[in-house]
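Observations on chain architecture
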Amino acid sequence: MSKSKNKSKDELNKANALVNKYLCNFISNKFLQTFNDRDSNVISQNKYATSCGLSSSTLSKLKSSEGYDIPMTTIYNICRYERYSLKDLFEEFEKKYGVDIPL
């Protein structure tokens, strides 16, 4: 395979970082603007994190404008707590950003 037909490792790393940033921002906007328990009561970030099986610092990283290299387990834990399917989450993400996020 020629290098001209394939993205370089640096280009792929930049694209992956951008996908992670957009995904973190998407999840943050969808679920982390205010923290609610399952009865819709406002709770602290610490209590929400504990309910999701995550640390509060993980939620802080997720909410940062730059995002971070988010593990699938973190996404799953939030979706499980929110009773939201991964399928629906990623379909919404693709509708908003498409399937090929350009650099």
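The structure displayed is predicted, hence computed values, not measured ones.

Right, let's get into helix H3 (residues 56–63). Among the residues making up H3, those that are buried are Thr-58, Leu-59 and Leu-62. Projection of H3 onto a plane perpendicular to its axis shows the buried side chains occupying an angular sector of 100°, all on one side. Of the surrounding secondary structure, the elements contacted by the buried residues of H3 are helix H1 (9–31), helix H2 (45–52) and helix H4 (72–82).

For the rest of this paragraph, the subject is the pattern of salt bridges. Evaluated as defined, the whole model comprises three salt bridges. For Glu-92, the salt bridge is made with Lys-30, and the minimal N-O distance between the two is 3.0 Å. Taken together, the residues span a long stretch of sequence, with Glu-92 in helix H5 (residues 86–97) and Lys-30 in helix H1 at a distance of 62 residues. The partner of Lys-87 in a salt bridge is Glu-91, and the shortest N-O contact between them spans 3.4 Å. Taken together, the residues span about one helical turn, with Lys-87 and Glu-91 both in helix H5 at a distance of four residues. According to the relative accessible area criterion, Lys-87 is exposed, its value standing at 56%. Overall, Glu-91 belongs to the partly exposed group, its relative accessible area being 39%.

About the cut-offs
- Residues numbered from 1 in each chain as written.
- Predicted model: local features only at pLDDT ≥ 70, side-chain atom pairs only at ≥ 80, totals over all residues.
- Heavy atoms only, no water.
- Buried < 20%, exposed > 50% of the residue type's maximum accessible area, 1.4 Å probe, protein only.
- Helix = DSSP H or I, 4+ residues; strand = E, 2+ residues; numbered from the N terminus.
- Arc of directions from axis to C-beta.
- Contact = heavy atoms within 4.5 Å.
- Salt bridge = Lys/Arg side-chain N within 4 Å of Asp/Glu carboxyl O.

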